[in-house]
Amino acid sequence: MKRGNGLISYEDLINYNVAWRQPLISGYKEFKIISMPPPSSGGVALVQLLKSVESFPVADWGHNSVKTAHLLTEAERRAYADRAVYLGDPDFYSVPVAELTSNLYINQRMSNFNPEEATPSLNVKEGTFTMVESEQTTHISIVDSQGNAVAVTTTLNDSYGSKVVVGGSGFILNNEMDDFSAKPGVPNMYGAIGGEANKIEPHKRMLSSMTPTILEKDGKLFLVVGTPGGTTIITSVFQTILNITEHKMTMQEAVSARRFHSQWVPDSLQAEKGAFSKEDSVKLVKMGHAFKSRGGLGRVDAILVMPDGRLEGGADPRGDDTADGF
């Protein structure tokens with residue numbers, strides 16, 4: 001730090017402590033959802049998304065159909081609008097987790113959903129009660145022979161972090177300061193909007209989208225899932241879970257399936273090549289969705305416990321990911 005004229009002192013490092021937090025636990029149909037709490041926005045947003053689509057016949061509509069894509073995009077816009085305003089470090093800001101993930105609140109958020117027309121992001125605001133990182137992240141999902149499961153996501157933020165290697169150590173310093181909201185209402189380098197809840201303050205932990213998640217069914221382990229991908233982490237995990245629970249894909253099929261992403265601002269539907277047919281793309285545009293093509297979304301690595309107890313690993317072909325058993 002001294003060599004690079006950095007701001008962090010030896011005392012800052014000495015005063016840092018790891019914070020152990022209780023996982024966010026909720027439900028989706030017959031599944032128990034165990035995910036990451038604030039200061040990650042991942043768990044809250046994931047639960048919001050799953051509950052937003054729970055009452056709709058997504059399985060009947062089909063994977064990446066016009067109706068499914070429209071519904072998921074509208075739900076994502078609402079969840080990311082809440083993320084920008086309400087999510088931050090709970091040690092500094094009273095994050096209304098229970099309210100944000102309640103059925104009553106989410107039903108109210110989806111009450112103005114129009115199945116025939118897209119809602120411009122300009123008209124989508126945060127809800128009322130009665131953010132901000134890159135894609136250079138790493139995830140690993142593990143299940144051992146006794147059925148213990150771990151989902152771990154870690155990040156440097158931007159590619160190679162700050163691009164500074166600590167002399168003689170071999171590790172790179174991150175640039176996680178970009179995960180804070182430097183100026184409320186102004187997008188960061190990845191287009192995500194932040195607010196007062198995630199403003200920069202001493203000793204504060206920045207907001208993230210990391211969403212390492214474990215699902216249980218009938219009290220038993222069912223799925224371990226997570227991914228890198230910045231703000232696209234949440235939607236990648238969300239769609240992978242739906243691929244398994246609604247579209248009855250195998251684990252590898254669920255991981256490999258084409259994905260799409262919307263995050264309120266910028267007002268666009270970002271889709272991988274081949275995510276939609278030409279005909280469906282035209283229909284979505286006519287409904288008011290502005291398309292933006294892009295490369296791979298996320299690099300999901302997940303493990304599914306099959307009915308006979310065997311494990312199926314899904315490694316994302318978008319990267320050099322691998323599924324191994326030993």
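Preceding this paragraph is the structure being described.
Calculation notes
Residues numbered from 1 in each chain as written. Predicted model: local features only at pLDDT ≥ 70, side-chain atom pairs only at ≥ 80, totals over all residues. Heavy atoms only, no water. Buried < 20%, exposed > 50% of the residue type's maximum accessible area, 1.4 Å probe, protein only. Helix = DSSP H or I, 4+ residues; strand = E, 2+ residues; numbered from the N terminus. Pairing = 2+ DSSP bridges. Salt bridge = Lys/Arg side-chain N within 4 Å of Asp/Glu carboxyl O. Patch = residues over 30% accessible without salt bridge, like charges linked within 9 Å, V, L, I, M, F, W, Y side chains within 5 Å. Areas by Shrake-Rupley, 256 points an atom, 1.4 Å probe, with all protein chains shown as cover. Axes fitted to C-alpha atoms, helices over the stretch in contact; angles between N-to-C directions. Contact = heavy atoms within 4.5 Å. Parallel < 35°, antiparallel > 145°, perpendicular 65-115°, else oblique. Left-handed = near helix turned anticlockwise from the far one by under 90°. Nonpolar A, V, L, I, M, F, W, Y, C, P; charged D, E, K, R; others polar. Polar contact = N/O pair within 3.5 Å; in protein donor to acceptor, adjacent residues only side chain to side chain.

## Focus on the pairing of strand 12 (residues 301–305)
Consecutive side chains of a regular strand alternate in pointing toward one face of the sheet and then the other. Most of strand 12 sits inside the fold, with five of its five residues counted as buried. Because side chains alternate across strand 12, one face comprises the buried residues Asp301, Ile303 and Val305, and the other comprises Ala302 and Leu304, equally buried. Where strand 8 (residues 220–226) lies against strand 12, four bridges are found, and the strand directions are antiparallel. In the sheet register, Val224 faces strand 12, and the bridge partner there is Ile303. Bridging between strand 12 and strand 13 (residues 311–315) involves five bridges; their strand directions are antiparallel.

## Some words on the sheet that holds strand 10 (residues 269–272)
An order of 9-10-11 is seen for the three strands of this open sheet, with the pairing classed as mixed. Either end of the sheet is taken by a strand with one partner, and the two such strands are strand 9 (260–261) and strand 11 (291–294). Across four bridges, the pairing between strand 10 and strand 11 is parallel. Across the sheet, the residue bridging to Gln270 is Lys292, located in strand 11.

## So, the pattern of salt bridges
Applying the stated criterion to the full structure yields 15 salt bridges. For Arg21, the salt bridge is made with Asp91, and the minimal N-O distance between the two is 3.2 Å. Highlighted residues: Arg21 in the loop between helix 1 (10–14) and strand 1 (24–28) and Asp91 in the loop between helix 4 (66–86) and helix 5 (97–100), separated in sequence by 70 residues. When its relative accessible area of 28% is taken as the criterion, Arg21 is described as partly exposed. The network of salt bridges with shared partners includes Glu74, Arg77, Arg78 and Asp267.

## What about a nonpolar patch on the surface?
On the surface, a cluster of nonpolar side chains totalling about 300 Å² of accessible area is made up of Ile140, Ile142, Val150 and Val152. Residue assignment for the nonpolar patch shows that the elements contributing at least two residues are strand 3 (136–143) and strand 4 (149–157). With respect to the element layout, Val150 can be found in strand 4. We classify Val150 as partly exposed; its relative accessible area is 39%.

## Observations regarding the pairing of strand 1
Residues Leu24, Ser26 and Tyr28 of strand 1 are buried on one face, while the alternating residues Ile25 and Gly27, pointing to the opposite face, are not. Two strands pair when backbone bridges link them, and strand 1 and strand 2 (residues 31–35) are joined in this way by five bridges, in the antiparallel orientation. When the sheet's bridge partners are listed, Tyr28 is paired in strand 2 with Phe31. Hairpin remark: strand 1 followed by strand 2, antiparallel, with two residues in the connecting loop; positive phi at Lys29, about 55°.

## Looking at the sheet that holds strand 13
Pairing in this open sheet of six strands is antiparallel, and the strands run 1-2-7-8-12-13 from one edge to the other. What marks the edges here is a single partner per strand, and that holds for strand 1 and strand 13. Sheet twist, expressed as the average angle between the axes of neighbouring strands with direction ignored, equals 20°. In terms of strand pairing, strand 7 (residues 213–217) meets strand 8 through five bridges, oriented antiparallel. Bridge pairing in strand 8 places Thr213 opposite Val225. Here helix 2 (residues 42–53) sits on the sheet and contacts strand 1, strand 2 and strand 7; the angle it forms with strand 1, its principal contact strand, is near 15°. Packed onto the sheet, helix 7 (residues 232–245) meets strand 1, strand 2, strand 7, strand 8 and strand 12 and runs at close to 140° relative to strand 8.

## Some words on the packing of helix 4 against helix 7
Orientation of helix 4 relative to helix 7, taken along the N-to-C sense of each, is 140°, at an axis distance of 12 Å. Relative to helix 7, helix 4 is oriented oblique. By crossing handedness, the relation of helix 4 to helix 7 is classed as right-handed. In contact with Leu72, Glu76, Tyr80 and Arg83 of helix 4, helix 7 contributes Ile234, Thr235, Phe238, Gln239 and Leu242. Across the contact of helix 4 with helix 7, the residue classes break down as five nonpolar, two polar and two charged.

## Side note on the side chain of Arg78
On the secondary structure map, Arg78 appears in helix 4. Taking relative accessible area as the criterion, Arg78 reaches 4% and is therefore assigned buried. A distance of 3.0 Å separates a polar atom in the side chain of Arg78 from a polar atom in the side chain of Asn112. When neighbours within four sequence positions are excluded, Arg78 is seen to be in contact with Arg109, Met110, Asn112, Phe113, Thr119 and Val124.

So, to be careful, I would describe these as geometric facts and stop short of saying anything about function.
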